[in-house]
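Spelled out from the first residue to the last, the chains are:
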Amino acid sequence: MRNPTRPLLLLALPVCSLACSSAVASDLPESEANRALVALESRGVAAEKERDPETENRFRVLVARDEAAAAAAVLSQEAVPSRDNPGVLRSLGSGSMVPSRLAEHARLLSGISGELEQSLQAVDGVVSARVHLASPERSPLDPEQEPTKPSASVLLRHRGAQPPLASSEIQRLVAGAVPGLEPQAVSVVASTAAAIARPADRELRRVGPITVTRASLSPLRAVAGGAVLLNLALLVAVLLLWSKMRRTEQALGRARGPETEPAVR
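Rules and cut-offs
- Residues numbered from 1 in each chain as written.
- Predicted model: local features only at pLDDT ≥ 70, side-chain atom pairs only at ≥ 80, totals over all residues.
- Heavy atoms only, no water.
- Helix = DSSP H or I, 4+ residues; strand = E, 2+ residues; numbered from the N terminus.
- Buried < 20%, exposed > 50% of the residue type's maximum accessible area, 1.4 Å probe, protein only.
- Pairing = 2+ DSSP bridges.
- Axes fitted to C-alpha atoms, helices over the stretch in contact; angles between N-to-C directions.
- Contact = heavy atoms within 4.5 Å.
- Arc of directions from axis to C-beta.

Structural notes on unusual backbone geometry
Glycine aside, residues mostly have negative phi, and peptide bonds are mostly found in the trans state.
Step number 1: Despite not being glycine, Asp-27 shows a phi value in the positive range, around 55 degrees.
Step number 2: Structurally, Asp-27 can be placed in strand S1 (residues 21-28).
Step number 3: You can call Asp-27 partly exposed: its relative accessible area is 38%.
Step number 4: Positioned with a positive phi, Asn-57 is a non-glycine residue whose angle comes to about 60 degrees.
Step number 5: Positionally, Asn-57 belongs in the loop between strand S2 (47-51) and strand S3 (59-64).

Let's talk about the sheet that holds S2
Consider a sheet: its strands pair through backbone hydrogen bonds, and that pairing is either parallel or antiparallel.
Step number 1: Spatially, the three strands line up as an open sheet ordered S1-S3-S2, and their pairing is antiparallel. Both outer strands of the open sheet, S1 and S2, are each paired with one neighbouring strand and no more. For this sheet, the mean inter-axis angle between neighbouring strands, taken without regard to orientation, is 25 degrees.
Step number 2: When S2 meets S3, the two strands line up antiparallel, connected through five bridges. The residue of S3 that forms the bridge with Glu-50 is Arg-60.
Step number 3: Sitting on the sheet, helix H2 (residues 30-42) is in contact with S1, S2 and S3, with an inclination near 165 degrees to S2.

Describing the sheet that holds strand S4 (residues 126-134)
Step number 1: Spatially, the three strands line up as an open sheet ordered S4-S5-S6, and their pairing is mixed. Lying at the two open borders of the sheet, with one neighbouring strand each, are S4 and strand S6 (186-192). Between one strand axis and the next, the sheet turns by 10 degrees as a mean value, whatever way the strands run.
Step number 2: Relative to S6, strand S5 (residues 151-158) runs parallel, the two being bridged by seven bridges. Across the sheet, Leu-155 pairs through a bridge with Val-189, a residue of S6.
Step number 3: In this fold helix H5 (residues 101-121) packs onto S4 and S5, with an angle of close to 155 degrees to the strand it touches most, S4.

Topic: helix H6 (residues 167-175)
Step number 1: Within H6, the full set of buried residues consists of Ile-170, Val-174 and Ala-175. Buried residues of H6 fall within an arc of 125 degrees about the axis and therefore sit on the same side.
Step number 2: In the core, the buried residues of H6 are packed alongside H5, S4, S5 and S6.

Set out below in structure tokens:
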């Protein structure tokens, strides 16, 4: 005997698969969550952002469970989320109860590097940035020691053939953050991030209010077509049943007609 609930189960499977999602990034500030959304959707991976239930005022990014591996690869290649740069305040706030002068100087340089990296990564087109500062602390025990001039190096990964910032602009930015650092002492190395080709089956398509990948377009159309055919079949069945009942009522009416007519005297 044919199971009447089987068509309904088949129609429910795609809906269930869309509802099953996986978090590929969590505990993010909103800016990093937005970066992750842009990176994923530009590569044909549908994603959504929501508040992280584990951490207050933080967000997480969700994708379909079968897209989790592709989403993780995209986020890794796009360096999203970015490395947690400490910044000046966080760097100076950690350490021992009585930090040494050298430790304080090292944390200060680390904090300045973090601030510069955050500024560079805020530029549109920059994938990642690393800033290394070399500014030896002059020993107070040797006043005749000749001071060493500070230097810096910047490693920049960017999208496109040309970097979004010229080397001279990066040199001025870094030199302005370190006392005594000349722009000519800042070395800049820029490299192009490998472009990720969007697979044809991951291109996004819009079907009414629903956005799906190209690979999911045919199954979605098949499900929608099956639902339409099922509704038409139900409509035809209702019309046939109504027509049959109508004919039966007319036949019964004709059969009872002579018996119910009053006798004519």
